[in-house]
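One letter stands for each residue in the lines below.
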Amino acid sequence: MDLFLQQLLNGLIIGSTYAVVALGFALVFTVLRVINFAHPDIFMTGMFAGLLAGVHISDNFLVVVAAGALGAGAVGLALERAVLRPLRGKDILMTLLGTLGVAIMLQNGMAALMSPDPVAYPQALPQIPLLTGTISLSSLQVVNVTISVLILAGVSYYVRMTRYGRATRAIAERPDLASAFGVDVNRVSQISVVLASAMGGVAAVSVGLLYGSAWAFVGLLYGLKAFTCMLVAGNRYFEGVMVVSLALGVVEAMVTGYFSSSLRDAVAFFVLIVILYFRPNGLFGSYTV
Amino acid sequence: MSALLSISGLHVSYKAVPAVSGVDLDVREGEVRVILGSNGAGKTTIIKAILGLVKPLKGSIRFRDQELTRLPPHRIHQGGISWVPEGRQLWGTLTVLDNLKMGAFSEPDEAAVMERIEAMFERFPRLRERRFQVAGSLSGGEQQMVAIARALVSRPKLILMDEPSLGLAPMVVRDVFALVKEINRMGISILMVEQNARQALKVADWAYLLEVGRMVESGRAAEIAAKESVREIFLGGRA
């Protein structure tokens, strides 16, 4: 029972980060109908922006988090202006290749600039054990999951309750109609990409703090799983994407706890593929290209 | 009186296939005008060109002395043109209330928007009952009410109506045409595309006949309705 609770906790913590990354994919896809392959590496860029700010400016927690948001948000803005907007309305393959190119550039650029190996992260917050004994929980885990939950709640609020959030859903369903009713689709696209990037950057900083390191190839770890979560949930309901991401985290943690960590990804992807086989549009439905 | 909307020499093609070839059309302030024509005549294309959703090959579309052909759709809407699209085209996953709010997206003052929506609920009490339902779950007639209310909340000068009676029960069709009259009495001009020529000619001031992308006739609605050729094609040959 202790093992179960421990793994449930661990799973929800890792799953909450998957959820933030997956939501970034979903937000950009529903508004721009583009799979942003650069998204996981924008996440990684945010992690390093936080690291650099922590080393060179201040290791104050808020400074590091803000740097993560700004760094990733700026890359998102550049991606939208330089790649996504010029390629809008062109063949979907061109946009896919464009974002893939940016992903490779970011990964290898960061590896060349910083290091191809994990780099130590500044200690912006102390690592305090909150629970010890049969179930363990640290302050950084709490911070990590709190940040993710705040982001998820914030996005939910934005999309459901605000004027631009409504426009986001309107574009997702019928982009032409939204523009004919006064929505500047370019502007909402830009907001969506920057928002998805900035929240990825913040989540990345909290992951960096939690594990004490940043890595130029960390995007691969989170990107594929988060992308698959979006496919399995379907992109129609963002809350669905969150639930599936949390569930994936828990499944992974359970496999690690009860069987072996080497089986973790195999089982997780097996479950996701089985679901997709029976529900190709995802559990909660999808907008298509 | 000068025209509110003035289209001249409009050419639109999809890929290399011409859909509209040299159309001239005016709508004057306070009028209801109708474009009649069979499927594929290019009626919807004209509407989409006005809205900026398709880019014309050549020709000019002027609205209140502003050239529209180079403006993006959201700017055209902000200039005072709204739309009741073919087949309603509601945001089916959004609630009725959110559909109406989207109709007035250009107005940032939420309180002002709610006031206008409240006025719509006064006129269409059925929509108030259904405001928290997703629009996709409504009946065809109710959906058409939402589509019309959505077009009105932005306080437009001109509403483009694309086949407003299509796929509706005969009772509802009568309501829709009565509503067209009512909207027009509010001082809003209407350009309508219809296949239901008989009803459309009753509410319209002026009518155009479109055949394979060209205007073949234009005149007062009553005169057009009396023409032998029109009666044969659109009114089933009966008086």
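What you see as residue numbers is a count from 1 along each chain, following the sequence as written. Chain letters start at A and ligand numbers start at 1, both assigned in the order the entries are written. Local features are withheld for residues below a pLDDT of 70 in this predicted model, meaning they are given only at 70 or higher, and side-chain atom pairs are given and counted only at 80 or more; totals for whole chains, interfaces and linings count all residues. As a convention, hydrogens and water are excluded, and side-chain values are obtained from all of the structure's heavy atoms.

With respect to the interface of chain B and chain A
Here, two residues are considered to be in contact whenever any of their heavy atoms come within 4.5 Å of each other. Across the boundary between the two partners, chain B contributes 25 residues, which contact 19 residues of chain A. Taking both partners together, chain B and chain A bury about 2100 Å²; carbon and sulfur atoms supply 60% of that area. Each reported salt bridge corresponds to a side-chain nitrogen of Lys or Arg within 4 Å of a carboxyl oxygen of Asp or Glu. Between the two partners, chain B and chain A, sit 2 salt bridges. With a shortest N-O distance of 3.5 Å, glutamate 110 of chain B and arginine 166 of chain A are connected by a salt bridge. Elements are defined by DSSP. Helices are runs of H or I of four residues or more, strands are runs of E of two residues or more, and each kind is numbered from the N terminus. Looking at the side of chain B that touches chain A, the elements with two or more residues in it are helix H2 (73-78), strand E6 (81-84), helix H3 (96-103) and helix H6 (140-152) of chain B. Put simply, buried area is the surface a 1.4 Å probe can reach on two separate parts but cannot reach once they are joined, added for both.

Here we look at the sheet that holds strand E1 (residues 3-14) of chain B
Residue and element names in this part refer to chain B. Pairing in this open sheet of 4 strands is antiparallel, and the strands run E2-E1-E4-E5 from one edge to the other. Looking at strand neighbours, the two that pair on one side only are strand E2 (17-28) and strand E5 (66-67), the edges of this open sheet. Note: two strands are recorded as paired if DSSP finds a minimum of 2 bridges between them. Note: strand E4 (residues 58-63) against E5, 2 bridges, orientation antiparallel. Bridging across to E5, phenylalanine 63 finds its partner in glutamine 66. To obtain an axis, a line is fitted to C-alpha atoms, over the contacting stretch when the element is a helix, and the angle between two such axes runs from 0 to 180 degrees between their N-to-C directions. Relative to the sheet, helix H1 (residues 43-51) contacts E1, E2 and E4, its axis offset from that of E1 by approximately 115°.

As for unusual backbone geometry
Residue and element names in this part refer to chain B. One non-glycine residue, arginine 64, lies in the positive phi region at around 45°. Position of arginine 64 among the secondary structure elements: in the loop between E4 and E5. Arginine 64 gets classed as partly exposed once you look at its relative accessible area, which sits at 45%. In this structure, arginine 155 is a non-glycine residue whose phi angle is positive, near 55°. Mapped onto the elements, arginine 155 comes out in the loop between H6 and strand E7 (158-162). Each residue's exposure class comes from its accessible area (1.4 Å probe, protein chains only) as a fraction of the maximum for that residue type: buried when under 20%, exposed when over 50%, partly exposed otherwise. Owing to a relative accessible area of 58%, arginine 155 belongs among the exposed residues under this scheme.

A closer look at the packing of aromatic side chains
Residues and elements named next belong to chain A. Only centres within 6.5 Å qualify two rings of Phe, Tyr or Trp (six-membered ring in Trp) as a pair; their planes then separate them into stacked at under 30 degrees, edge-to-face at over 60, and tilted for everything else. Within this structure, the stated rule accounts for 8 aromatic pairs over all chains. Aromatic pair tryptophan 215 and phenylalanine 217: ring centres 5.9 Å apart, planes at 70°, arrangement edge-to-face. Using a relative accessible area of 30% as the deciding quantity, one classes tryptophan 215 as partly exposed. On the basis of an interplanar angle of 90° and a centroid distance of 5.2 Å, the ring pair of tyrosine 277 and phenylalanine 278 is categorised as edge-to-face. The two residues tyrosine 277 and phenylalanine 278 agree in class, both being exposed. Counting every residue linked through ring pairs, the aromatic cluster contains Tyr18, Phe43 and Tyr222.

Examining the packing of helix H2 (residues 39-56) of chain A against helix H9 (residues 218-233) of chain A
Relative orientation and spacing of two packed helices are given, respectively, by the angle between their axes and the distance between those axes. Residues and elements named next belong to chain A. Two elements in contact, H2 and H9, have axes whose closest approach is 8 Å; the angle formed by their N-to-C orientations is 140°. In terms of their interaxial angle, H2 and H9 are classed as oblique. Crossing angle aside, the handedness with which H2 passes H9 is right-handed. On the side of H2, the interface is formed by Pro40, Asp41, Phe43, Met44 and Met47, while H9 contributes Val218, Gly219, Tyr222 and Gly223. Residues are grouped as follows: Ala, Val, Leu, Ile, Met, Phe, Trp, Tyr, Cys and Pro are nonpolar; Asp, Glu, Lys and Arg are charged; all remaining types, including Gly, are polar. Across the contact of H2 with H9, the residue classes break down as 6 nonpolar, 2 polar and 1 charged. In what follows, roughly perpendicular refers to angles from 65 to 115 degrees, roughly parallel to angles under 35, roughly antiparallel to angles over 145, and oblique to any angle outside these ranges. For a crossing to be left-handed, the near helix must be turned anticlockwise from the far one by less than a right angle; the clockwise case is right-handed.

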